[in-house]
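# A look at the structure
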Amino acid sequence: MLPSGETKTVLIKVDGEEFKRIYIDNETKDSFTIEKENGVNEVNIADGKVNIVSADCPTQVCVNTKEANVAGDLIVCLPHKVVIEIVEE
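Summary of the structure given here.

Counting its regular elements, the protein contains one helix and seven strands. Its helices and strands in sequence order give the protein the pattern β-β-β-β-β-α-β-β, from N to C terminus. Over its C-alpha atoms the protein spans a radius of gyration of 12 Å, differing by no more than 12% from the 12 Å that the globule rule assigns to 89 residues. Considering only C-alpha atoms, the protein reaches an extent of 40 × 25 × 20 Å along its principal axes. Within the protein, buried positions represent 37% of all 89 residues. A separation threshold of at least 6 residues defines the contact pool for the protein, and within that pool the share at least 24 residues apart is 29%. When the accessible area of the protein is evaluated, it comes to approximately 5,200 Å², of which 48% is carbon and sulfur surface. Computing the positive centroid from 9 side-chain charges and the negative centroid from 17, the protein places the two 2 Å apart.

Mapped onto the elements of the fold, lysine 8 is located in strand β1 (residues 8-14). Assessed through its relative accessible area of 10%, lysine 8 is described here as buried. Within the structure, lysine 8 has its side chain in polar contact with the backbone oxygen of glycine 48 (distance 2.7 Å).

To continue, consider the sheet that holds strand β2 (residues 17-24). Taking strand neighbours across the sheet as the criterion, the four strands line up as β2-β1-β7-β6 in an open arrangement whose pairing is antiparallel. The open sheet has two edge strands, β2 and β6 (74-77), and neither has a second partner. On average, adjacent strands in this sheet sit at an angle of 15° to one another, irrespective of strand direction. For β6 and strand β7 (residues 82-87), the ladder comprises four bridges, and the chain directions are antiparallel. Of the residues in β7, the one forming a bridge with isoleucine 75 is isoleucine 84.

Further remarks concern a nonpolar patch on the surface. Side chains of Leu74, Val76 and Leu78 sit close together on the surface and give an oily, nonpolar patch of about 280 Å² of accessible area. Mapped onto the elements of the fold, valine 76 is located in strand β6.

Judged by pairing direction, the sheet is antiparallel, and its three strands sit side by side in the order β3-β4-β5 without closing on themselves. Each end of this open sheet is capped by a strand with a single partner; those strands are β3 (30-36) and β5 (49-55). Pairwise comparison of adjacent strand axes, ignoring direction, gives a mean angle of 25° for this sheet.

Conventions we followed
- Residues numbered from 1 in each chain as written.
- Predicted model: local features only at pLDDT ≥ 70, side-chain atom pairs only at ≥ 80, totals over all residues.
- Heavy atoms only, no water.
- Helix = DSSP H or I, 4+ residues; strand = E, 2+ residues; numbered from the N terminus.
- Rg over C-alpha atoms; globule rule 2.2 N^0.38 Å.
- Buried < 20%, exposed > 50% of the residue type's maximum accessible area, 1.4 Å probe, protein only.
- Contact = heavy atoms within 4.5 Å.
- Areas by Shrake-Rupley, 256 points an atom, 1.4 Å probe, with all protein chains shown as cover.
- Lys, Arg positive; Asp, Glu negative; His and termini not counted.
- Charge placed at Lys NZ, Arg CZ, Asp CG, Glu CD.
- Polar contact = N/O pair within 3.5 Å; in protein donor to acceptor, adjacent residues only side chain to side chain.
- Pairing = 2+ DSSP bridges.
- Axes fitted to C-alpha atoms, helices over the stretch in contact; angles between N-to-C directions.
- Patch = residues over 30% accessible without salt bridge, like charges linked within 9 Å, V, L, I, M, F, W, Y side chains within 5 Å.
- Salt bridge = Lys/Arg side-chain N within 4 Å of Asp/Glu carboxyl O.

What follows is the structure, encoded as structure tokens:
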């Protein structure tokens, strides 16, 4: 959990290109879908953490990866070329 008032940045890349950059804190709540020709990833942000809650990739490694909540944490879906990272700015 973040100390009250502290924010961090979630950087999401798809195919190596920035898809979305979200500044989050403990109050941020968001859910969205990343759709590509080869698949779908459902992303959830809550309580200062981000995770992939579902994906239609065969291995489900991204879904089973621990939620990201500190700088340097990564969630990767190789089949869909999605990278979610907590970055320092």
